[in-house]
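Summary of the model geometry
So the chains spell out like this:
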Amino acid sequence: MQLYYHPLYSDLTLPERHRFPIQKYQLLKTEIKSLGVLASAFQEPKKATASQLALCHNQRYINDFLNGTLGDKAIKKMGFPYSQQLVERTLLSIGGSIQAAEAAFSHDLTFNLSGGYHHSHSDFGSGFCIFNDLAIAAAHLINTEQADTVLIFDCDVHQGDGTAQITKNHDQIITCSIHCDQNFPRNKQQSTYDFALPAKTTDAEYLATLRQALGFCVRIHNPDIILYNAGADIYTKDELGLLNVSLNGVYKRDLFVLNFCKQHQIPLMCALGGGYQCNLTKLINVHKQLFKAAIDL
């Protein structure tokens, strides 16, 4: 496996009691190494370029973000206070997903210890998502003829509304979102396939839906690569989640996706997605299930 990480992922000054757990990336890297993953498996990403961002985003929006000319309303919707530090971190995070996606063709399984920014639309950021890394990575692979068909398989508890909006006219990018119907965003977009689960869904129903959804998407579309948003916020104790999936259920979800791709010889790139618990140790343990599953393959 190959993992992409940069110290700037967790190096962002946020107001006291800000909702986003910015320290989780650095803490998770330490936990992954404690599982026995060698330091040599970690790669430092390069920043995404403006032309890569433009594969999925409006040029004016890109310019406003890079140049610091976003309006107050746009910054508030984005969810982070604006700073040059945020610009650097964002470009590295997007670059990490692009490079991890490219590397999956030679390493079979790769990870970006960030990413899953699926609420970002073509012309605005939303819900802590500024640019849509998985949509950009998919478009980049197609644009550079590394792939003909890309499946974005989104298992964050929130619908991938931005991903659906950006890719709605892109026939080579298939989007599948398994999410809680009652959760953010209120106004859902139409993915290629949406599996909207009711609040309090438990392991059995969730995992049955997962198996059905992934099997169907691969059977119908035969993707060259899968980009997986492994959101930890499906966990029952997630503070923004609403589902009742156990810790073992999260592990089984991740193990199924990883094993399915291995069995079908489909390159897989994984992004962390969301996870919201004030207790960072407990939050890290949920994200860690993805890497435990990778080691157990």
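Structure's up top.
Below, the structure is looked at part by part. Numbering of residues begins from 1 in every chain and follows the order in which that chain's sequence is written. Where totals are concerned, whole chains, interfaces and linings use all residues; where local detail is concerned, this predicted model gives features only for residues with pLDDT of at least 70, and gives and counts side-chain atom pairs only at 80 or more. Each side-chain value is worked out from all heavy atoms of the structure, with water and hydrogens disregarded.

**Concerning the side chain of H57**
Relative to the assigned elements, H57 resides in the loop between α2 (50-53) and α3 (59-67). Three exposure classes are used, based on accessible area relative to the maximum for each residue type with a 1.4 Å probe and protein chains only: buried under 20%, partly exposed in between, and exposed over 50%. Residue H57 is classed as buried on the basis of its relative accessible area, which comes to 5%. Under the rule applied, a polar contact is a pair of N or O atoms within 3.5 Å (in protein, one hydrogen donor and one hydrogen acceptor; residues adjacent in sequence only if both atoms are side-chain atoms). Polar contacts involving the side chain of H57 include one to the main-chain carbonyl oxygen of S122, which spans 3.3 Å. Engagement of the side chain of H57 in a polar contact is seen with the backbone nitrogen of N132, the distance being 3.0 Å. Contacts: residue pairs with any heavy atoms within 4.5 Å of one another. Residue contacts for H57: discarding those within four places in its chain leaves I62, S120, H121, S122, I130, F131, N132, I136 and I166. We count a stretch as a helix when DSSP gives it H or I for four or more residues in a row; a strand needs E for two or more, and each element gets its number in order from the N terminus.

**Quick notes on the nonpolar core**
Within the largest apolar cluster, 102 residues are counted, with the highest numbers of intra-cluster contacts made by F153, L227 and Y228. With ten residues, helix α5 (residues 84-107) is the single largest residue contributor to this core. Aside from chain neighbours lying at most four places away, what touches Y228 is L134, F153, C155, R253, D254, V257, L258, L268, M269, C270, A271 and L290. Nonpolar cores are built from buried Ala, Val, Leu, Ile, Met, Phe, Trp, Tyr and Cys residues. Side-chain atoms within 4.5 Å join them into one set.

**What about the pairing of strand β7 (residues 225-229)?**
Burial within β7 is extensive, with five of its five residues counted as buried. The two faces of β7 match: I225, L227 and N229 on one face and I226 and Y228 on the other face are all buried. Here, strands pair whenever DSSP counts at least two bridges between them. In this structure, strand β4 (residues 150-154) lies alongside β7, joined through five bridges in parallel fashion. By the bridge assignment, V150 is partnered in β7 with I225. Here β7 runs beside strand β8 (residues 268-271); their pairing, made up of four bridges, is parallel. Each residue of the ladder has a partner; that of Y228, found in β8, is C270.

**A few points about the sheet that holds strand β2 (residues 42-43)**
Backbone-to-backbone hydrogen bonds join strands into a sheet, with any given pair of strands oriented parallel or antiparallel. Taken in spatial order, the eight strands of this open sheet run β2-β1-β3-β8-β7-β4-β5-β6, and their pairing is parallel. Looking along the sheet, the strands with just one partner apiece sit at the ends: β2 and β6 (193-197). Across three bridges, the pairing between strand β1 (residues 2-4) and strand β3 (residues 109-112) is parallel. Within the sheet, the bridge partner assigned to Q2 lies in β3 and is T110.

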